[in-house]
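What follows is each chain in one-letter form.
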Amino acid sequence: MSSATDQPSSSDPAPWWRRGVVYQVYVRSFADADGDGTGDINGLRARLPYLQRLGIDAIWINPWYRSPLADGGYDVADYRSIEPRYGTIDDAERLIAEAHDHDIRVIADLVPNHTSDQHAWFREAVAAAPGDPVRDRYHIRDGRGPDGSQPPNDWSSVFGGPAWRRLPDGQWYLHLFAPEQPDLNWENEEVRREFDAVLRFWLDRNIDGFRIDVAHGLVKDMSFPDLGTAGVEILGTPREANHPHWDRDAIHEIVRRWRAVLDGYDGDRMMVAEAWVQPHRLPMYLRPDEYHQSFNFDFLEAPWDATTFRDIVSAATEAVVDIGSTSTWVLSNHDVMRELTRYGLPNGTNWRSWPTTGPAELLDVERGRPRARAAAMLLLGLPGSAYIYQGQELGLPEVWDLPVEVLDDPVWKRSGHTRKGRDGCRVPLPWAPDGPSLGFGDGPAWLPQPPDWAELSVEVQESDAGSSLVLYRTALELRRRWAMADEAMSFIDGLGPNGFGYRRGSGLACVVNFGETAIDLPDHQQILLSSGDTAADGTLAPDTAVWLR
Ligand code: NOJ
């Protein structure tokens, strides 16, 4: 691997989020300061120097609010307090202040589509009689059939099974996710006012932004028509127009209301949407008075193929140009199989079901590893912002073979044991080559780490110039100098069917070889960085990326 960090650098006038690199912290699995096996805020505080050295601009912390953790914290019992296993509100305030001292912004995760069934509002609703106004904060309705014993309609939960559960008094409540996550009724003004106040609560505590969960949800067709389809995929995009519970037009007035709250604060506070919508609908979410950004999940779904990647980059950059937004690139997150393992499976494999269905022999980790390194360079050189999921910088694979006894994701149970779910990408990070949880904490971790993760630990990778960690650090440093000055980009032609490349305004060029044989590099003065061995003869090896100038 070769690298150079000379020139040009720039002082960036754009708001930080337009080009920032955001590191996603799954707090439960990041670092455990108190040794109870669960990651916590103090563990994260202790690792801020690591994150600063990595060279990121912000952290997005998955939900840290008080929660029974029926869905990893996306079941919030109190939006104004911290889950005791993670710490206290004082710890959160200290974390925000210390992150700022390390030049790191902090994005919280807001979950407005549903609460926990342990939220005070839902408990109050369950205790109240049918027709009581406190029930109107949720979708609680009579069932169908002469005795109301059938659910109000045929909607399915994203995690499997029906989307309705019956209360002891015979009425039914809607839960598009787990039964422990009742959907809020966003037609109810009290719900709207409450979330304005929750936003202010965290903005007053100097939070820099919000990742909005299920941003395409919230609003339901209040006539609750049958859908007539079998189910919904957790990370799938609704195909139907005018869907009764996804991507409804009335969502946008809620977003505008939130935006007005954020705009009332100083600093570049931002909101990023988790919106699974059709590409032509996405720009609506990014209008100047709505979200600042929305995740582009297309890389997550893409096979290892040059044309596919080029088409994705082309479509995404074009889509945001007219509305003045930027793309937001994502290879991985806490909901999907880690990319090293995805790229180790043959193109076309359904990686959501493969951990259960196999066969195991399909996986070639040695093929996935160089591809994950190349994909990182492809992502980090692009204009717009980039999201890195914790452990991605370490080149962690998916732990797809976790024993079923330890699985915690509701997907496993609700899919009738046909999908193992998302625990395999949530295994606690290895910080050191030894100890009861490889430096994660002083005791065993809440999910077991594979013993060979010792070699992937931060401590081991720190001193290995060829490690994934060093590649990410070097790329992030070069990105500041070469890929941040402006948002200009053009494609490099003539690389053949398996080559994909682009050139940035600064003169940086990124070329990736998706094929099985070497390709010729375009003319260049210098190789700034390579994800693998660069041949002296001016060719680029398979599954390798380079940054040239
Ligand atoms: C999307 C989150 O990323 C996922 O982890 C969660 O299960 C669902 N939203 C429900 O909140």
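Note that this is a predicted model, so its numbers are computed, not measured.

Some words on the site of the ligand
Around the ligand, 13 residues are found, and the nearest of them are D71, H114, D213, H334 and D335. D71 places a side-chain nitrogen or oxygen 2.6 Å from an oxygen atom of the ligand. Here an oxygen atom of the ligand and a side-chain polar atom of D335 are 2.4 Å apart. In isolation the ligand has 300 Å² of accessible area, and contact with the protein removes 99% of it. The class makeup of the residues in the shell around the ligand is four nonpolar, two polar and seven charged.

So, the sheet that holds strand 6 (residues 140–141)
The three strands are arranged 6-8-7 in an open sheet whose pairing can be described as antiparallel. Each edge of the open sheet carries a strand with a single partner, namely strand 6 and strand 7 (164–166). Summarising the sheet, strand 6 and strand 8 (residues 172–174) pair through two bridges and their orientation is antiparallel. Bridge pairing in strand 8 places R141 opposite W172.

Examining the pattern of salt bridges
Under the counting rule described, the total for this entry stands at 37 salt bridges. Linking R480 and D57 is a salt bridge whose minimum nitrogen-to-oxygen distance equals 3.2 Å. One end of the pair, R480, is in helix 16 (residues 468–482); the other, D57, is in the loop between helix 3 (48–54) and strand 2 (58–61), with 423 residues separating them in the sequence. Between D335 and R422 there is a salt bridge, with its nearest N and O atoms 2.9 Å apart. Of the two residues, D335 is situated in the loop between strand 12 (328–330) and helix 11 (339–342) and R422 in the loop between helix 14 (410–414) and helix 15 (458–462); the sequence distance between them amounts to 87 residues. Each member of the pair, D335 together with R422, is buried.

Notes on the domain arrangement of the protein
With domains assigned, the protein is organised as domain 1 (17–115 + 189–220 + 244–475), domain 2 (120–174) and domain 3 (489–548). Computed over C-alpha atoms, the centres of domain 1 and domain 2 are 31 Å apart. Contact residues are listed per partner, giving 15 residues for domain 1 and 14 residues for domain 2. Summing both sides of the interface, domain 1 and domain 2 together bury roughly 1100 Å²; the carbon and sulfur share of this comes to 62%. When the area that domain 1 buries against domain 2 is broken down by residue, the three leading residues are E190, K220 and R414, summing to 42%. Taken together, domain 1 and domain 2 are joined by one salt bridge. Linking R137 and E190 is a salt bridge whose minimum nitrogen-to-oxygen distance equals 2.8 Å.

Notes on the packing of helix 13 (residues 365–380) against helix 16
The interhelical angle for the contact between helix 13 and helix 16, taken along N-to-C directions, is 15°, at an axis separation of 10 Å. It follows that helix 13 is roughly parallel to helix 16 by the angle criterion. The way helix 13 lies across helix 16 gives a crossing that is right-handed. Across the interface between the two elements, R373, A376, M377, L379 and L380 from helix 13 touch S468, L471, Y472, A475, L476 and R479 from helix 16. Residue classes in the contact of helix 13 with helix 16 are distributed as eight nonpolar, one polar and two charged.

Points about the environment of G267
Note on placement: G267 falls in the loop between helix 7 (251–263) and strand 10 (270–273). The exposure class of G267 is exposed, given its relative accessible area of 57%. It is 24 Å that separates the C-alpha atoms of G267 and S81, two residues lying 186 residues apart in sequence.

The rules behind the values
Residues numbered from 1 in each chain as written. Predicted model: local features only at pLDDT ≥ 70, side-chain atom pairs only at ≥ 80, totals over all residues. Heavy atoms only, no water. Near = heavy atom within 4 Å. Polar contact = N/O pair within 3.5 Å; in protein donor to acceptor, adjacent residues only side chain to side chain. Areas by Shrake-Rupley, 256 points an atom, 1.4 Å probe, with all protein chains shown as cover. Nonpolar A, V, L, I, M, F, W, Y, C, P; charged D, E, K, R; others polar. Pairing = 2+ DSSP bridges. Helix = DSSP H or I, 4+ residues; strand = E, 2+ residues; numbered from the N terminus. Salt bridge = Lys/Arg side-chain N within 4 Å of Asp/Glu carboxyl O. Buried < 20%, exposed > 50% of the residue type's maximum accessible area, 1.4 Å probe, protein only. Domains from an automatic or database assignment. Contact = heavy atoms within 4.5 Å. Buried area = accessible area lost by both parts, 1.4 Å probe. Axes fitted to C-alpha atoms, helices over the stretch in contact; angles between N-to-C directions. Parallel < 35°, antiparallel > 145°, perpendicular 65-115°, else oblique. Left-handed = near helix turned anticlockwise from the far one by under 90°.

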